[in-house]
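Chain residues, written in single-letter form:
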Amino acid sequence: MSFSQLTHLECGRCGADHDSERPQNLCTKCGSPLLARYDLAAVRSSLDPAEFARRSPDLWRYHELLPVRSPESVTTLGEGMTPLLPMARYGERIGLPRLLMKDEGLIPTGSFKARGAAVGVSRAAELGVRRLAMPTNGNAGAAWALYSARAGLTATIVMPVDAPEITRRECVAAGADLHLVDGLISDAGRMVGELVAASDGRVFDASTLKEPYRIEGKKTMGIEIVEQLGWRMPDVILYPTGGGVGLIGIHKALNELRELGWISGPPPRLVAVQAEGCAPIVRAFEAGERESRFWEGSRTVAFGINVPKPIGDFLILEALAETSGTAITVTDAELLAELREVAALEGTFVCPEGAAAFAAARKLRASGWIGADDQVVVLNTGAGLKYPGTVSVDAPILAVDAHLT
């Protein structure tokens, strides 16, 4: 059996087919994101999911459902197979005794962005890309810079000056061509677009959903959750949503697993969690719209979800509709309080985006949308250590001859 069963790319909006054997960005017919498609019949006839347990504990265990053609093309730092942790004390506190956390803070580069970078960089290098460029809110740029260095590619990264400082240091350490912009990720995206347009094909645009393979790395979170639960699905999955690639990817993974016959029954209800200061998906969802509108003046301490107009908004909203899911906002004060409570009760220092998802779980349980018996998975998308400013420290300074009582 082939290492990958990739067959082609398909537009997520108009359904047009595109060649997967050359670098691609958006659909040439309607300008929408492209999705990787696979020969699932071939996978189903030749692979038993029990085989995965005998493979290496990383996301490449699912290589038939990933786009990289050759094992020699894989660029890896050991990403994937992050723990699915019971959150018993915190879950009991908020009325969800079956609460679980998928902890992406333990992955290389400190965030789930390493999944998309591993697969996206691997496929780009396999297709002959030598230089890529991307806008970022921090973590994705750090991941793509480091994986590009691993693969021998050159990376141009543009991020808002307010992005987490550690992420710019990761880019510099990786030798990336880093630029800071006094604005939002949308401003960084415009600059990258201009660079790519003027490059005569020498620079590949690796922006969120403008390259089709980042989502394939992110979808492995969904496959892992199901495998870790014994090829069962949870009742609810909460995902902090900025660009929404992870939520789209999880939904895509579950649809592929269902077509393979490896899972059955109703899908998990997907929840898009956004900050009150930047909530274009929530606004569109509540209005029954199929696309979002640009969110003016967006701002939140959860910088990774500060995306005023995600390019894949229609795919996010489709995923929520198809799974009977919902979209919800939390305030910065709520998510910061939740960050402290999760750490105090469970010993896990989550990122502010992950804390937003925990705050949303509390609110949805209180409203009754999530039931007490539901098995709920919260995605913590990064390490809290990458955001030291979220916790203020006011500890006494002791003299050298002081004594504790």
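See above for the structure.
Residues numbered from 1 in each chain as written. Predicted model: local features only at pLDDT ≥ 70, side-chain atom pairs only at ≥ 80, totals over all residues. Heavy atoms only, no water.

**Student:** Just to check I follow, could you spell out the packing of helix α8 (residues 245-260) against helix α10 (residues 313-322) for this structure?
**Tutor:** Packed helix pairs are specified by the crossing angle of their axes together with the interaxial distance, meaning the distance between the axes. The contact between α8 and α10 brings their axes to 9 Å, and the two run at 50°. It follows from the interaxial angle that α8 and α10 lie oblique. Taken as a pair, α8 and α10 cross one another with a handedness that is left-handed. Across from Leu247, Ile248, His251 and Asn255 in α8, the residues of α10 making contact are Leu315, Ile316, Ala319, Leu320 and Glu322. (Axes fitted to C-alpha atoms, helices over the stretch in contact; angles between N-to-C directions. Helix = DSSP H or I, 4+ residues; strand = E, 2+ residues; numbered from the N terminus. Parallel < 35°, antiparallel > 145°, perpendicular 65-115°, else oblique. Left-handed = near helix turned anticlockwise from the far one by under 90°. Contact = heavy atoms within 4.5 Å.)

**Student:** I would appreciate a short explanation of the environment of Leu229 in the present structure.
**Tutor:** Inspection of the secondary structure puts Leu229 in the loop between α7 (214-228) and β10 (236-240). The exposure class assigned to Leu229 is buried, which follows from its relative accessible area of 11%. Non-local contacts of Leu229, meaning those with residues more than four positions away in its chain, are made with Leu84, Leu100, Pro234 and Gln375. (Buried < 20%, exposed > 50% of the residue type's maximum accessible area, 1.4 Å probe, protein only.)

**Student:** Even after reading the chapter, I still don't get the pattern of salt bridges, so can you show me in this structure?
**Tutor:** Pairing between side chains of opposite charge can happen when their charged atoms approach one another. Inspection of the entire model under this criterion finds 27 salt bridges. For Glu10, the salt bridge is made with Arg37, and the minimal N-O distance between the two is 3.0 Å. With Glu10 in strand β1 (residues 6-11) and Arg37 in strand β3 (residues 34-38), the pair connects residues that are 27 residues apart, well separated along the chain. The exposure class assigned to Arg37 is partly exposed, which follows from its relative accessible area of 25%. One salt bridge in this structure joins Glu194 and Arg190, with 3.2 Å as the shortest N-O distance. Residue Glu194 and its partner Arg190 are both found in helix α6 (residues 185-197); the two are separated by four residues, about one turn of the helix. The partly exposed category is assigned to Glu194, whose relative accessible area is 46%. Owing to a relative accessible area of 44%, Arg190 belongs among the partly exposed residues under this scheme. Connected via shared salt-bridge partners are Glu21, Arg69, Arg123 and Glu126. (Salt bridge = Lys/Arg side-chain N within 4 Å of Asp/Glu carboxyl O.)

**Student:** Could you clarify how one ought to interpret unusual backbone geometry in this entry?
**Tutor:** Backbone phi values are negative for most residues with the exception of glycine, while trans is the configuration of most peptide bonds. Its identity as a non-glycine residue notwithstanding, Leu209 has a phi of 65°, on the positive side. Its place among the elements puts Leu209 in the loop between β9 (204-205) and α7. Backbone geometry at Trp231 places phi at a positive 60°, although glycine is not the residue there. Mapped onto the fold, Trp231 is located in the loop between α7 and β10.

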